[in-house]
Amino acid sequence: MDSCELEEIVIESHLCILSLWGEALAEAMKAKHIVNFLEEDVPSFNKNAISFFEYKLKRWECLNASEQSLRRLFKEDYKEEYNSYNHVTTFYCSNVMEDSPVDPKIVLPDSNSFNILSIGRLNKPYIKTVISEVFDFAEKNKDINIALVFVGASPDGSVEIDILAKSSILSNVKVYFMGYMYPIPLKIIKCADIAICSSNSVLVPFECGIPTISVDANDYYAIGIYGVNTNNTVFRNDEPMIPIGHYVKQLYNGEITSKSSFQNANNDADSFNDQIKFLHKSQIDYNYYNIYDIYSYPEIIVCVIKRLVSYIIKPIKS
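Along each chain, numbering runs from 1 in the same order as the chain's sequence is written. Note on the predicted model: pLDDT of at least 70 is required for a residue's local features to be given, and 80 or more for side-chain atom pairs to be given and counted; whole-chain, interface and lining totals, by contrast, use all residues. Side-chain descriptors were evaluated using all non-hydrogen atoms of the structure, hydrogens and water having been removed beforehand.

Novice: An account of the overall build of the protein chain is requested, with residue identities and associated values reported.
Specialist: The helix and strand inventory of the protein chain stands at 10 helices and 10 strands. Residue burial in the protein chain is summarised as follows: out of 318 residues, 46% are buried. Restricting to contacts in the protein chain with at least 6 residues of sequence separation, those with at least 24 account for 65%. Accessible surface for the protein chain amounts to roughly 17,600 Å². Of this, 54% is attributable to carbon and sulfur atoms. The secondary structure listing takes helices from DSSP runs of H or I that are at least 4 residues long and strands from runs of E that are at least 2 residues long, numbered from the N terminus. Burial classification: accessible surface area is computed with a 1.4 Å probe over protein chains only, and a residue below 20% of its type maximum counts as buried, one above 50% as exposed, and the rest as partly exposed. Only heavy atoms matter for contacts: two residues are in contact if any of them lie within 4.5 Å across the pair. Note that accessible areas follow from Shrake-Rupley with a 1.4 Å probe, and for residues the cover is restricted to the protein chains shown.

Novice: An account of the state of the cysteines is needed here, citing residue identities and associated values.
Specialist: Any pair of cysteine sulfurs within 2.5 Å is marked as a disulfide. Considering all chains together, one arrives at zero disulfides under this definition. Here C62 is not cross-linked by a disulfide; its sulfur's nearest cysteine counterpart is in C16, at 8.4 Å. By relative accessible area, C62 is classed as buried at 2%.

Novice: Lay out the packing of aromatic side chains with the relevant residues and their values.
Specialist: Planes of paired rings set the category: under 30 degrees apart is stacked, over 60 is edge-to-face and the rest tilted, where pairs are Phe, Tyr or Trp rings (Trp by its six-membered ring) whose centres lie within 6.5 Å. Taken as a whole and judged by the stated rule, the model has 12 aromatic pairs. Note on F52 and F53: the rings are 5.2 Å apart at their centroids and 55° apart in plane angle, and the pair reads as tilted. Of the two residues, F52 and F53, neither departs from the other in class, the shared state being buried. With a centroid separation of 4.4 Å and an interplanar angle of 40°, the aromatic rings of F74 and Y82 are classed as tilted.

Novice: Give me the lowdown on the pattern of salt bridges, citing residues and values where you can.
Specialist: Salt bridge criterion: a side-chain nitrogen from Lys or Arg within 4 Å of a carboxyl oxygen from Asp or Glu. This structure, assessed with the given rule, holds 16 salt bridges. With a shortest N-O distance of 3.0 Å, E54 and K79 are connected by a salt bridge. Here K79 lies in the loop between α3 (67-74) and β3 (97-98) and E54 lies in helix α2 (residues 47-58), a separation of 25 residues in the sequence. Accessibility expressed as a relative area gives 18% for E54, which makes it buried. Using a relative accessible area of 35% as the deciding quantity, one classes K79 as partly exposed. The structure contains a network of salt bridges with shared partners spanning E23, K56, R59, E61 and D285.

Novice: Break down the nonpolar core for me, citing the residues and quoting the values.
Specialist: Put simply, buried Ala, Val, Leu, Ile, Met, Phe, Trp, Tyr and Cys residues joined by side-chain atoms within 4.5 Å make one nonpolar core. Of all hydrophobic cores here, the largest spans 31 residues; its most connected members are I116, F135, L148, I196, I213, I244 and V248. The set of elements that each furnish at least two residues to this core consists of β4 (114-119), α4 (126-140), β5 (146-151), β6 (173-179), β8 (194-197), β9 (212-215), β10 (222-225) and α8 (244-252). Take this core: its biggest share by element is eight residues, from α4. If we ignore the near neighbours within four places in the chain, the residues touching I116 are V134, I146, A147, L148, V149, I194, I196 and V248.

Novice: Can you explain the packing of α4 against helix α5 (residues 158-167)? Please cite residues and give values.
Specialist: When two helices pack together, you describe them by how their axes are tilted relative to each other and by the distance separating the axes. Between α4 and α5, the shortest axis-to-axis distance is 11 Å and the interhelical angle comes to 10°. With respect to α5, the element α4 is oriented roughly parallel. Between α4 and α5 lies a crossing of right-handed hand. Counted together, I127, I131 and F135 of α4 and V159, I163, K166 and S167 of α5 form the full contact between these two elements. When residues are sorted by character, Ala, Val, Leu, Ile, Met, Phe, Trp, Tyr, Cys and Pro go into the nonpolar class, Asp, Glu, Lys and Arg into the charged class, and all the rest, Gly among them, into the polar class. Grouping the constituent residues of the contact of α4 with α5 by class yields five nonpolar, one polar and one charged. Under this scheme, a helix contributes an axis fitted over its contacting stretch, all axes are lines through C-alpha atoms, and angles between N-to-C directions fall in the 0 to 180 degree range. Reported orientations rely on four angle classes, namely roughly parallel under 35 degrees, roughly antiparallel over 145, roughly perpendicular from 65 to 115, and oblique for the rest. Note: crossing handedness is left-handed where the near helix turns anticlockwise from the far helix by less than a right angle, and right-handed where it turns clockwise.

Novice: Lay out the packing of α2 against α3 in plain terms, naming residues and giving numbers.
Specialist: The contact between α2 and α3 brings their axes to 11 Å, and the two run at 155°. By the angle between their axes, α2 is roughly antiparallel relative to α3. Across the interface between the two elements, I50, F53, E54 and L57 of α2 pack against L70, L73 and F74 of α3.

Novice: Break down the sheet that holds β4 for me, citing the residues and quoting the values.
Specialist: We treat two strands as partners when DSSP finds at least two bridges between them. Taken in spatial order, the six strands make up an open sheet running β6-β5-β4-β8-β9-β10, and their pairing is mixed. On the outer flanks of this sheet lie β6 and β10, each paired with one strand and no other. Sheet twist, expressed as the average angle between the axes of neighbouring strands with direction ignored, equals 20°. Here three bridges tie β8 to β9, and the two strands are oriented parallel to one another. By the bridge assignment for β9, I196 is matched with I213. Where α5 meets the sheet, its contacts fall on β5 and β6, and the angle it forms with β6 comes to roughly 165°.

Novice: Outline the pairing of β5, listing residues and values.
Specialist: Taking burial as the measure, the six residues of β5 include six buried ones, the bulk of the element. Along β5, one buried face is formed by I146, L148 and F150 and the opposite face, lined by A147, V149 and V151, is buried too. Whether a crossover is right-handed comes down to one check: with the strands pointing away from the viewer, does the path from the first strand over the helix to the second run clockwise; if it does, it is right-handed. As a crossover connection, the stretch from β4 through α4 into β5 is right-handed. Taken together, the six bridges between β5 and β6 define a ladder with parallel strand orientation. When the sheet's bridge partners are listed, V151 is paired in β6 with G179. Handedness of the crossover joining β5 and β6 through α5 is recorded here as right-handed.

Quick look at the structure:
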């Protein structure tokens, strides 16, 4: 379809490095390009790339623009003036879980164990802390049978191997790897007694009535029990830095109760009103940043070489 037949085309890029491609594609299609960087660990960029992100921010084309997010993006180049362009929104996901049959090949823990659920990629940095805290709890409470259920995986399987190696020395821990699942059957979520998650994954078990520990993506300490003493899912505000294991113990002992019920409000079209309003802040003027001058040819060559080396070394390490 010819882009001129459409009133407005919007391209949204979710990774900082991909936003350069997004800008080039938007220019070719005469579209509006929104940078909505969702990665927790934002890489460092050269001054030219920083200028590009500043250009997008000041055009009201950075959607995920809280002060914390902008500080992660700009790092030492962050300026206080960027606060004038803050935009915080809530991201909804209405179809992550489904009341569907579970594959007969999948084995789930029974109700005789203390079942802990994790939803999300296993290569996220906070996962190592989760494993350490849960295994420490298991070591100190050998009379408690613990089941760890992981929905998600690591790209090369190395995290799974590490988890199995560590769990093998604990007789009271059993691990269940579900792998990548979409949508997640409700039966798998509801088999959990508690959940430990970060980012929007927190909302999935919470909406199913599972007490959920929210983990800070920066420091890997618990932010709190979602819906009880925090409403944050990614970063803390003024919540104290409490070890994850502390809340695991409190939830097991019934010292904290968390009540929530399944909510399907995410299907409401009004949920996206904020995003639509944000689109009206920027103009369709067909001006774009010259991304081709951001990196010099020597920088590109060095980047390619580093990437090739990493692809060669990774299998050797595995």
